[in-house]
Amino acid sequence: MAKRKRKRHLFADHVAAIPVSEPPVRPGIVGLSRTVPSTIVRPPYADSGDPGPAVSSLVRTPAELDAMRRAGAMAAEVLIHAGQFVEPGITTDRLDQIVHDETIRRGAYPSPLNYRGFPKSVCTSVNEIICHGIPDSRPLADGDIINIDVTVYVDGVHGDNSCTFLVGDVDEHSRRLVAETYVAMMEGIRTVRPGSKVNDIGRAIERHARAHHLGVVKEFIGHGVGTEFHSDLQIPHYFDPRARAVLEEGMTFTVEPMLTLGSPSLFLWNDEWTAATQDGRRTAQFEHTLVVTPQGHELLTVASDGTTAAELYAPKPEKVSS
Ligand code: MF3
Ligand code: CO
Ligand code: CO
């Protein structure tokens, strides 16, 4: 009897062994929104905050795709730039300034700024924060993990990517979480080719997460991206039998799984942006923008020298003995 119960609750037992993240992340002071020089072309929502309904085609024109290669490379390079500054003591507001300045230096608009009223130029999500963390006065602490989600708008299109960085000396559970979240994203991306289904992506991600006892967040999903920040295509990171849409050459979208050490249930802070795990255990995310090509797919959020933030900064999975 006792034995049977133990087996049925294997997952719960596994999670119980993982500590909640201490101390919890608390809201800090959010500084003023940063300003963008008038010479930089702004997306349609920059002043009103309202992107309006998604209307763009799911498939990009060759000219749009060219622009997306430039926007994607720029987003990747800004993310890599920000990664160099991740260390204990730096505030997330300072990271916002670094991303903002580097984006406008390159002639682009930082897409998060005033998107549906988002007050800052980048999302910074620490420890148990799943996504959409607002940069504030909180300094990073030794042992934290932080996702930096950079999106830029240039030549009329967006490039969207993120990476979870380790801050100083990080515990083993968190390193495993971050390493396997990157692998899960790449497993999802690997399925992408003309004729594959949207739910092949989520199936591969969920399978990898499950094999590593990690939860998959369902409330936030990958999305079509191009002339709009979030266009109509929806990419769940779990197997959704209804997501039977077939991928076609020229479609551009993100894959951006959020995996958790404990339960993936979430709640929103009072700021109505910051999503945190209910159980306080940690969570990680990676994101790429990609296009479906005749051969399969091409990552768009890659620096012009071919590197990505994740390749430079993400921990590699450790071989588990026995
Ligand atoms: N970059 C996020 C994504 O991957 C979206 C951020 S929306 C914001 O989709 F308003 F919070 F910036
Ligand atoms: Co995205
Ligand atoms: Co993003």
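Here, every reference points to the structure presented above.
Rules behind the numbers
- Within each chain, residue numbers correspond to sequence positions counted from 1 in written order.
- Ligands are numbered from 1 and chains lettered from A, in the order in which they are written.
- In keeping with the model being predicted, local features are shown solely for residues with a pLDDT of at least 70 and side-chain atom pairs are shown and tallied solely at 80 or more, while totals for entire chains, interfaces and linings include all residues.
- Water and hydrogen atoms play no part in the side-chain values, which are based on all heavy atoms of the structure.
- Only DSSP runs of H or I covering at least 4 residues are called helices, and only runs of E covering at least 2 are called strands; the numbering of each starts at the N terminus.
- Atoms counted for the radius of gyration: C-alpha only. Globule rule: 2.2 Å times residue count to the power 0.38.
- Buried, partly exposed and exposed residues are distinguished by accessible area as a fraction of the type maximum, computed with a 1.4 Å probe on protein chains only: under 20%, between the cut-offs, and over 50%, respectively.
- To measure how exposed things are, a 1.4 Å probe is used in the Shrake-Rupley method; for residues, cover is taken only from the protein chains shown.
- For Na, K and Ca the donor cut-off is 3.2 Å, and for all other metals it is 2.8 Å, counting N, O and S atoms only; because water is absent from this set, sites may look incomplete.
- In this scheme the shape depends on donor count and angles: four donors with every angle between 85 and 135 degrees give tetrahedral, four or six donors with opposite pairs above 155 degrees and others between 65 and 115 give square planar or octahedral in turn, and any other case is irregular.
- For this description, a residue counts as near a given molecule or strand if any of its non-hydrogen atoms is within 4 Å of it.
- Within 3.5 Å is the distance limit for a polar contact, defined as a pair of N or O atoms, with the added protein rule that one can donate a hydrogen and the other accept it, and that residues adjacent in sequence qualify only through two side-chain atoms.
- Amino acids outside the nonpolar list (Ala, Val, Leu, Ile, Met, Phe, Trp, Tyr, Cys, Pro) and the charged list (Asp, Glu, Lys, Arg) are all regarded as polar, and Gly is one of them.
- Criterion for a salt bridge: a side-chain nitrogen of Lys or Arg within 4 Å of a carboxyl oxygen of Asp or Glu.
- Two strands are counted as paired when DSSP detects at least two bridges linking them.
- Under this scheme, a helix contributes an axis fitted over its contacting stretch, all axes are lines through C-alpha atoms, and angles between N-to-C directions fall in the 0 to 180 degree range.

**Re the overall build of the protein chain**
- Looking only at helices and strands, the protein chain features 7 helices and 15 strands.
- Over its C-alpha trace the protein chain gives a radius of gyration of 19 Å, about what one expects of a compact globule, namely 20 Å for 322 residues.
- Counting only C-alpha atoms and orienting by the principal axes, one finds that the protein chain spans roughly 70 × 45 × 35 Å.
- Per-residue burial over the protein chain gives 54% buried out of 322 residues.
- Summed over all atoms, the accessible surface of the protein chain reaches about 14600 Å², with 53% contributed by carbon and sulfur.

**A short note on the coordination of the cobalt ion (ligand 3)**
- Coordination sphere of the cobalt ion (ligand 3), protein contribution only: Asp149 (OD), Asp149 (OD), Asp160 (OD) and Glu287 (OE), at 2.0 to 2.3 Å.
- Bound by 6 donor atoms, the cobalt ion (ligand 3) shows angles of 59 to 170 degrees at the metal and therefore irregular coordination geometry.
- Mapping the donors of the cobalt ion (ligand 3) onto the primary sequence gives the spacing D-x10-D-x126-E.
- Between the cobalt ion (ligand 3) and the cobalt ion (ligand 2) the interatomic distance comes to 3.3 Å, and aspartate 160 is a ligand of both metals. Here aspartate 149, found in strand 4 (residues 145–154), pairs with aspartate 160, found in strand 5 (residues 157–166); they are 11 residues apart in sequence, far enough to count as distant.

**Observations concerning the site of ligand 1**
- As a structural note, the neighbourhood of ligand 1 is formed by 14 residues, with Pro112, His223, His230, Glu256 and Glu287 the closest of them.
- In the environment of ligand 1, a nitrogen atom lies 3.1 Å from a nitrogen or oxygen atom belonging to the side chain of aspartate 149.
- Glutamate 256 places a side-chain nitrogen or oxygen 2.8 Å from an oxygen atom of ligand 1.
- For ligand 1, the accessible surface in isolation is 340 Å², of which the surrounding protein chains cover 97%.
- Looking at side-chain class alone, the shell around ligand 1 contains 6 nonpolar, 4 polar and 4 charged residues.

**A word on the pattern of salt bridges**
- Taken as a whole and judged by the stated rule, the model has 20 salt bridges.
- A salt bridge links arginine 42 to aspartate 47, with the shortest nitrogen-to-oxygen separation between them at 3.0 Å.
- Classification of aspartate 47 by relative accessible area gives exposed; the value is 62%.
- When the shortest N-O distance is used, the salt bridge between aspartate 155 and arginine 70 registers 2.6 Å. Of this pair, aspartate 155 sits in the loop between strand 4 and strand 5 while arginine 70 sits in helix 3 (residues 62–83), placing them 85 residues apart in sequence.
- Counted as one network, the salt bridges with shared partners bring together Arg34, Asp93, Asp96 and Lys120.

**Here we look at the coordination of the cobalt ion (ligand 2)**
- Protein coordination at the cobalt ion (ligand 2) comes from Asp160 (OD), His223 (NE2), Glu256 (OE) and Glu287 (OE), with a distance range of 2.0 to 2.2 Å.
- Taken together, the 6 donor atoms surrounding the cobalt ion (ligand 2) define angles of 52 to 163 degrees at the centre, an arrangement classified as irregular.

**Focus: the sheet that holds strand 12 (residues 275–277)**
- Taking strand neighbours across the sheet as the criterion, the 3 strands line up as 3-12-11 in an open arrangement whose pairing is antiparallel. If you trace the sheet from one side to the other, it starts and ends with strand 3 (129–131) and strand 11 (266–268), each paired once. Averaged over all adjacent pairs, the angle separating strand axes in this sheet is 40 degrees, with direction ignored.
- The pairing of strand 11 with strand 12 spans 3 bridges and is antiparallel. Considered in strand 12, the bridge of leucine 266 is made with threonine 277.

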